[in-house]
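Each chain, letter by letter, is given below.
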Amino acid sequence: MSPKALAFLGGKVLPLAEAKVGVMTHALHYGTAAFEGVRGNWNEEQGKAFVFRMKEHYERLHRSSRILHMALPYSPDDMCKITVDLLQQCGYRQDVYIRPLTFKSQEMVANLKLHELKDDFCLIIVPFGSYIATDRPLRCQTSSWRRPEDAMMPTGVKIAGLYTTSILAKTEAIKAGFDEAVLLNWDGTVSEGSGENLFMISKGVISTPAETDNCLMGITRDSVITIAKEEFGMDVVQRRIHRSELYLADEVFLTGTAAHLTPMGELDNRKIGDGNVGPITKKLQSVYFKAISGNHPKYLKWCTAVVPGGG
Ligand code: PMP
């Protein structure tokens, strides 16, 4: 069967090209939406896509939506079922990006009262390759933009409006000739990348900013913390990290659904370690890539297998 570009909107499946909202939609004006990015990893030998940690993504979507006073008609389990059905119907035989979105769908402007506005759920699935350079360690830049503090906007969840900062930072980094931005907190400590969490390895210890450092509670971050412990007996320390610690680290890598587990070779024109992929990063990468594509028996519990066309 040839693949079909489909979406789920307003409670039904329809061609992606027909999934539209009006210009008055509240979310379009104010960023009153929450979203997820989920990957379906195509496994050619098995003829199946493996959707990675789908339930955890929908649980986070529910947490994000709750902060925006949304009343959603679907539970995380319902959303998983809608996703599997849509993925089967789309019939892609390649890696896909799954983008669920909850949003204030009311066609009303000049109303800042979340509790008065209707909500909707939309899901799109698109073919997706690599998000960021994978052939070499990344060259990164400390952004002139700071990660908002949780006291300014909720930072541990994926609320659409918050992404303006990430987008400004990423654009600034790319236009300056780098691959990715590193955002600091207001106090100058490290938070995360524009769309990734950050890990640092120094003297054999893996560290990552804590939840209170305004980073998103990443699902890849959690997966890496689990893999480090279970496969290599390494505890990841969650703590405040100073900017200059990154310059002096032996290894730094970024994690995210889109970016996978990607080494950083350079920050602000300073080499990290010798600038190549470090040994601990390599070990973690090898387990991670098996886990997300259904090739690691122990982590199959993180994957939902979907056969194009159903079955
Ligand atoms: N931080 C930000 C700002 C992000 O947008 C993402 C991508 N969702 C991440 C971190 C990584 O989160 P996850 O591993 O859940 O994709």
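Residues numbered from 1 in each chain as written. Predicted model: local features only at pLDDT ≥ 70, side-chain atom pairs only at ≥ 80, totals over all residues. Heavy atoms only, no water.

1. Focus on the packing of helix H2 (residues 54–67) against helix H3 (residues 76–90)
Argument step 1. Interaxial distance between H2 and H3 falls to 9 Å at its minimum, and their mutual angle equals 125 degrees. Here H2 is positioned oblique relative to H3, judged by the angle of their axes. Two packed elements cross with a definite hand, and for H2 against H3 that hand is right-handed. The segment H2 lies against H3, with Met-54, Lys-55, Tyr-58, Glu-59, Leu-61 and His-62 engaging Pro-76, Asp-77, Met-79, Cys-80, Thr-83 and Val-84.
Argument step 2. Across the contact of H2 with H3, the residue classes break down as seven nonpolar, two polar and three charged. (Axes fitted to C-alpha atoms, helices over the stretch in contact; angles between N-to-C directions. Helix = DSSP H or I, 4+ residues; strand = E, 2+ residues; numbered from the N terminus. Parallel < 35°, antiparallel > 145°, perpendicular 65-115°, else oblique. Left-handed = near helix turned anticlockwise from the far one by under 90°. Contact = heavy atoms within 4.5 Å. Nonpolar A, V, L, I, M, F, W, Y, C, P; charged D, E, K, R; others polar.)

2. Let's talk about the layout of surface pockets
Argument step 1. Put simply, the largest pocket is a space of about 520 Å³.
Argument step 2. Every residue lining the largest pocket is counted, 30 residues in all, and those nearest its centre are Phe-35, Tyr-97, Lys-158, Tyr-163 and Gly-195.
Argument step 3. Among the elements that line the lining of the largest pocket, the one with the most residues is helix H4 (residues 163–175), at four residues.
Argument step 4. Of the residues contributing to the lining of the largest pocket, the split by class is 10 nonpolar, 12 polar and eight charged.
Argument step 5. Each of domain 1 (6–129) and domain 2 (138–277) gives at least three residues to the lining of the largest pocket.
Argument step 6. Volume-wise, the second largest pocket comes out at about 220 Å³.
Argument step 7. When residues of the lining of the second largest pocket are traced back to their parent elements, those giving at least two are helix H1 (26–30), strand S6 (96–104) and strand S7 (119–127).
Argument step 8. Residues that form the lining of the second largest pocket fall into these classes: 10 nonpolar, one polar and one charged. (1 Å grid on protein atoms, 1.4 Å probe; cavity = no way out; pocket = protein on both sides within 12 Å on 5 of 7 lines; lining within 4 Å. Points joined across faces, edges and corners; volume = space filled by probe spheres on them. Domains from an automatic or database assignment.)

3. Re the side chain of Thr-281
Argument step 1. Assignment of secondary structure puts Thr-281 in helix H7 (residues 279–292).
Argument step 2. A polar contact is formed between the side chain of Thr-281 and the side chain of Glu-251, at a distance of 2.6 Å.
Argument step 3. When residues no more than four places from it in sequence are discounted, the contact partners of Thr-281 are Ile-201, Glu-251, Phe-253, Leu-261 and Pro-263. (Polar contact = N/O pair within 3.5 Å; in protein donor to acceptor, adjacent residues only side chain to side chain.)

4. A closer look at the environment of Met-70
Argument step 1. Following the sequence through the fold, Met-70 ends up in the loop between H2 and H3.
Argument step 2. Residue classification places Met-70 among the buried positions, given a relative accessible area of 12%.
Argument step 3. For Met-70, the residues in contact, after removing those within four places along its chain, are Thr-32, Ala-33, Ala-34, Ser-65, Thr-102, Phe-103, Lys-104 and Asp-119. (Buried < 20%, exposed > 50% of the residue type's maximum accessible area, 1.4 Å probe, protein only.)

5. Describing the domain arrangement of the chain
Argument step 1. Domain assignment breaks the chain into domain 1 (6–129) and domain 2 (138–277).
Argument step 2. A separation of 26 Å is found between the C-alpha centroids of domain 1 and domain 2.
Argument step 3. Between domain 1 and domain 2, the contact holds 19 residues from the first and 16 residues from the second.
Argument step 4. Together domain 1 and domain 2 conceal approximately 1,500 Å² of surface at their shared face, both sides included; 65% is due to carbon and sulfur atoms.
Argument step 5. Broken down residue by residue, the surface that domain 1 buries against domain 2 is led by Phe-35, Arg-39 and Arg-60, which jointly contribute 39%.
Argument step 6. Across the contact surface, domain 1 and domain 2 share one salt bridge.
Argument step 7. Salt-bridge contacts for Arg-53 lead to Asp-222; the nearest nitrogen and oxygen are separated by 2.8 Å.
Argument step 8. Broken down by element, the side of domain 1 that touches domain 2 gets its largest block of residues, six residues, from H2. (Buried area = accessible area lost by both parts, 1.4 Å probe. Salt bridge = Lys/Arg side-chain N within 4 Å of Asp/Glu carboxyl O.)

6. Side note on helix H5 (residues 219–232)
Argument step 1. Here H5 contains 14 residues, and its C-alpha end-to-end distance of 19 Å stays within 8% of the 20 Å for a straight helix at 1.5 Å per residue.
Argument step 2. Looking one or two places after H5, you find Gly-233, whose phi comes out positive at around 65 degrees. (Expected span 1.5 Å × (residues − 1).)

7. Some details on the packing of H5 against H7
Argument step 1. At a minimum axis separation of 10 Å, H5 and H7 run at an interaxial angle of 110 degrees. The angle between the axes of H5 and H7 places the two elements in the roughly perpendicular class. Contacts between H5 and H7 involve Thr-220, Val-224, Ile-227, Ala-228, Glu-231 and Phe-232 on the former and, on the latter, Lys-283, Leu-284, Val-287 and Tyr-288.
Argument step 2. Considering only residue class, the contact of H5 with H7 consists of seven nonpolar, one polar and two charged.

8. Regarding a nonpolar patch on the surface
Argument step 1. Taken together, Val-23, Met-24, Leu-28, Tyr-30, Val-109 and Leu-112 make up a surface patch of nonpolar side chains, about 610 Å² in accessible area.
Argument step 2. Among the secondary structure elements, Leu-28 is positioned in helix H1. (Patch = residues over 30% accessible without salt bridge, like charges linked within 9 Å, V, L, I, M, F, W, Y side chains within 5 Å. Areas by Shrake-Rupley, 256 points an atom, 1.4 Å probe, with all protein chains shown as cover.)

9. What to know about the pairing of strand S10 (residues 190–193)
Here is the key point about a regular strand: its side chains alternate between the two faces of the sheet.
Argument step 1. Looking at chain direction, strand S9 (residues 180–184) and S10 are connected through three bridges and run antiparallel. Its bridge partner lying in S10, Leu-184 is registered against Val-190.
Argument step 2. Count of turn residues in the S9/S10 antiparallel hairpin: five residues, of which Gly-188 carries a positive phi of about 90 degrees. (Pairing = 2+ DSSP bridges.)

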